[in-house]
Structures are given as C-alpha cells and as structure tokens.
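Observations on the model geometry
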Amino acid sequence: MTDTIVEHADRSLKVGTTLVEMEGVGKAYGAIRALEGINLTVNAGEVTCVLGDNGAGKSTLIKIISGLHPHTEGVLKVDGQEVHFDSPRQSLDHGIATVYQDLAVVGLMEVWRNFFLGSEIRMGNYPLAPLDIRGMREIADTELRKMGIIVKDINQPIGTLSGGQRQCVAIARAVYFGARVLILDEPTAALGVKQSGVVLKYTAAARDAGLGVVFITHNPHHAYLVGEHFIILKLGRRVLDKKRCEVTLEELTAEMAGGQELAELSHELKR
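Per an unreviewed UniProt entry, the protein goes by ATP-binding cassette domain-containing protein and derives from Pseudonocardia eucalypti.

Structure, rendered in structure tokens:
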C-alpha cells in the first residue's frame with residue numbers, strides 16, 4: 001500500500017452540511033434503558049468520535065443509525081427529514097454504510113469478489129446472466145487506487161491482507177457504493193500501532209472525500225488524531241460532548257479513564 005491519498009469526493013455536499021441528527025434519542029429493551037437522551041450531529045467532511053467502555057451504549061447507537069434496531073424515543077433525522085429505520089436496507093438507501101469490527105468478508109475469496117460481495121455486476125438483466133468478472137476486477141482496482149490503496153494482486157484472497165488493509169478495502173467499498181455517512185465500529189481495536197495508523201489515514205481520506213464519519217472507539221488517542229467532535233458515553237448517557245477546540249487529549253483521556261471517579265479513587269488510595 002502506498003502513502004498517496006487521492007480525493008474521491010462528492011462535490012455536491014458542502015463541508016459542514018448536516019447529514020444525520022439525533023435529538024434526545026433513546027432505546028429501551030423492556031425495562032432496560034440501553035440509551036437515553038442522545039444528541040448527535042454528523043456533518044459532511046467531519047469525523048464525529050463516539051467513545052466509551054464496554055456497555056456504554058456504543059453498539060446500541062450503531063444499531064439505531066444502521067437500521068438494525070429502531071429507536072424508542074427521540075427523533076432521528078437524515079438530511080433534515082425525520083426517519084424511523086426498520087431495517088439496514090433502509091439505512092443503506094439513505095446513504096449510511098457501516099463497517100463492523102468483525103468485517104463481513106469471506107477470507108478465501110478474492111479482494112475484488114469481496115469488494116462486490118452482495119452487489120455483483122452481471123453481463124445482462126436476466127437472473128442467470130454470468131458475472132462481469134473482468135469489469136468488477138477493473139472497477140475494484142481503480143476504486144482502491146483512488147483511495148490510495150494498492151494491493152499486490154486484486155485476485156489474491158482478502159484473508160491474505162492485514163487487518164488494516166481489510167478495513168481500508170471496506171472503507172473504499174462504502175465510498176464506491178455511494179455512502180455519504182460512514183460508521184466505523186472499533187476499526188483499530190484488534191490492530192497494532194502500524195496497522196492502526198493505516199486505518200486512521202484512510203478514515204481521514206474518507207472525511208476529505210466529503211463523507212460524514214462516525215468513528216466508534218474506546219481509544220482516545222486514536223479518536224483525537226482524526227476527530228472534530230467527541231462524545232463520551234457511560235451507561236447509555238452522554239458524559240462529555242465537545243468539539244476539538246473545547247477539549248484537550250489529556251482531558252479526553254481523563255474522562256475516558258473515569259474522570260471524577262478516578263480522582264476520588266486516587267484521593268482515597270493516598271489516604
């Protein structure tokens with residue numbers, strides 16, 4: 001993979017245009033409230049980072065935006081219009097793509113096959129028309145190169161790529177298929193420092209291409225490298241909601257580590 005990033009932008013979207021809004025959104029599973037009173041804005045050309053430990057509500061937030069679970073309170077808007085997703089297809093139809101931590105790829109299939117997985121191009125409109133293999137290979141290679149992603153062989157199994165490279169292929173795929181909002185679910189959680197850097201670079205490339213990016217993570221250092229807006233969740237509620245100019249990395253890290261609770265514990269231990 002090279003270090004070159006080539007813009008692949010939707011110039012019809014002005015940077016800062018609001019794409020997705022949450023106003024007082026919550027989710028209850030019976031008597032259990034997994035999410036409560038969440039306000040969140042996703043703008044074109046910006047990265048909104050959502051941080052929190054396990055059980056903080058990050059997964060529930062993803063599921064609501066991606067259409068897996070409908071919200072039970074509050075308002076969800078896309079392009080200023082209120083929506084209530086009943087399925088992931090509805091979310092996709094609104095230009096929202098989610099790249100999950102475990103990645104929906106087939107390790108033994110070629111890179112180009114995974115790029116078009118579920119959206120294959122056929123040489124005709126009839127059901128049994130053969131796949132346009134040559135066309136898909138060329139498109140996949142071209143689109144990956146537009147994002148600055150160079151693989152040795154577009155025909156190699158995607159399982160032979162590193163974790164960071166697979167994440168980047170998934171990002172390029174989402175851009176190609178028209179995503180305007182990209183949700184990245186803990187993309188660096190299982191990666192080393194070098195591969196995390198690769199993913200962060202292409203997260204920035206997606207931002208620079210005009211997408212609104214929601215970066216889900218528990219790592220404040222990774223978030224601060226790419227984020228413009230930071231939200232920290234704890235037990236389904238916001239405990240911090242600030243723009244980059246309003247918070248330092250040290251403050252973000254301290255809040256993630258427990259904030260006031262950590263200070264109280266430190267005081268007790270000193271005693």
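1. Structural notes on the overall build of the protein
For the protein, the count of helices and strands is nine helices and ten strands. The C-alpha radius of gyration computed for the protein amounts to 20 Å, which stays within 12% of the reference 18 Å derived for 271 residues, consistent with globular compactness. Counting all 271 residues of the protein, 44% fall into the buried class. By sequence separation, contacts in the protein at least 24 residues apart represent 68% of the contacts at least 6 residues apart. Each charge class in the protein was averaged separately, 29 positive and 33 negative side chains, and the resulting centres sit 3 Å apart.

2. With respect to the packing of aromatic side chains
Evaluation of the coordinates by the stated rule reveals seven aromatic pairs. Judged by centre distance (6.0 Å) and plane angle (75°), the rings of phenylalanine 116 and tyrosine 176 are edge-to-face. With a gap of 60 residues between them, phenylalanine 116 in the loop between helix 3 (111–115) and helix 4 (133–146) and tyrosine 176 in helix 5 (residues 163–176) connect regions that are remote in the sequence. The class for phenylalanine 116 is buried, based on a relative accessible area of 1%. Given a relative accessible area of 29%, tyrosine 176 falls into the partly exposed group. For the ring pair tyrosine 176 and phenylalanine 177, a centre distance of 4.9 Å and an interplane angle of 80° mean the geometry is edge-to-face. The rings of Phe115, Phe116, Tyr176 and Phe177 are connected pair by pair, giving a single aromatic cluster. Geometry around tyrosine 224 places arginine 244 over its ring, the cationic atom sitting 4.2 Å from the centre.

3. Observations concerning the sheet that holds strand 6 (residues 96–99)
An order of 6-7-8-3-9-10 is seen for the six strands of this open sheet, with the pairing classed as mixed. The open sheet has two free edges, formed respectively by strand 6 and strand 10 (237–243), since each of these has just one partner strand. Neighbour-to-neighbour, the strand axes of the sheet open up by a mean angle of 15°, direction not taken into account. Relative to the sheet, helix 6 (residues 193–208) contacts strand 3 (47–51), strand 7 (181–185) and strand 8 (212–217), its axis offset from that of strand 8 by approximately 150°. Sheet strands in contact with helix 8 (residues 249–257) are strand 3, strand 9 (229–234) and strand 10, and its direction is about 15° off that of strand 9.

4. Topic: the nonpolar core
Formed by 47 residues in total, the largest nonpolar core has its most connected members in Leu144, Leu182 and Phe230. For leucine 182, the residues in contact, after removing those within four places along its chain, are Ala97, Val99, Ile171, Ala174, Ala206, Leu211, Gly212, Val213 and Val214.

5. Regarding the pattern of salt bridges
Within this structure, the stated rule accounts for 13 salt bridges. Of the charged contacts, one joins aspartate 141 and arginine 145 as a salt bridge, the two residues approaching to 3.0 Å between their closest N and O atoms. In this pair, aspartate 141 and arginine 145 are both assigned in helix 4, four residues apart and thus about one turn of the helix distant. When its relative accessible area of 42% is taken as the criterion, arginine 145 is described as partly exposed. When the shortest N-O distance is used, the salt bridge between aspartate 208 and arginine 207 registers 3.1 Å. With a relative accessible area of 18%, arginine 207 lands in the buried category. One continuous salt-bridge network, built from bridges that share partners, spans Arg33, Glu36, Glu73 and Arg237.

6. Remarks on the sheet that holds strand 2 (residues 32–43)
If you walk across this open sheet you meet the four strands as 2-1-4-5, and the pairing is antiparallel. Strands with a single pairing partner mark the edges of an open sheet, and in this sheet they are strand 2 and strand 5 (81–83). Looking at each pair of strands side by side, their axes are set apart by 30° on average, direction ignored. Relative to strand 2, strand 1 (residues 18–29) runs antiparallel, the two being bridged by eight bridges. Paired with valine 25 across the bridge in strand 2 is isoleucine 38. Strands in contact with helix 1 (residues 58–65) are strand 1, strand 2 and strand 4 (73–78); relative to strand 1, the strand with the most contacts, it is inclined by about 120°.

Calculation criteria
Residues numbered from 1 in each chain as written. Predicted model: local features only at pLDDT ≥ 70, side-chain atom pairs only at ≥ 80, totals over all residues. Heavy atoms only, no water. Helix = DSSP H or I, 4+ residues; strand = E, 2+ residues; numbered from the N terminus. Rg over C-alpha atoms; globule rule 2.2 N^0.38 Å. Buried < 20%, exposed > 50% of the residue type's maximum accessible area, 1.4 Å probe, protein only. Contact = heavy atoms within 4.5 Å. Lys, Arg positive; Asp, Glu negative; His and termini not counted. Charge placed at Lys NZ, Arg CZ, Asp CG, Glu CD. Phe/Tyr/Trp six-rings, centres within 6.5 Å; stacked < 30°, edge-to-face > 60°. Lys NZ or Arg CZ within 6 Å of the ring centre and 35° of its normal. Pairing = 2+ DSSP bridges. Axes fitted to C-alpha atoms, helices over the stretch in contact; angles between N-to-C directions. Core = buried A, V, L, I, M, F, W, Y, C linked by side-chain atoms within 4.5 Å. Salt bridge = Lys/Arg side-chain N within 4 Å of Asp/Glu carboxyl O.

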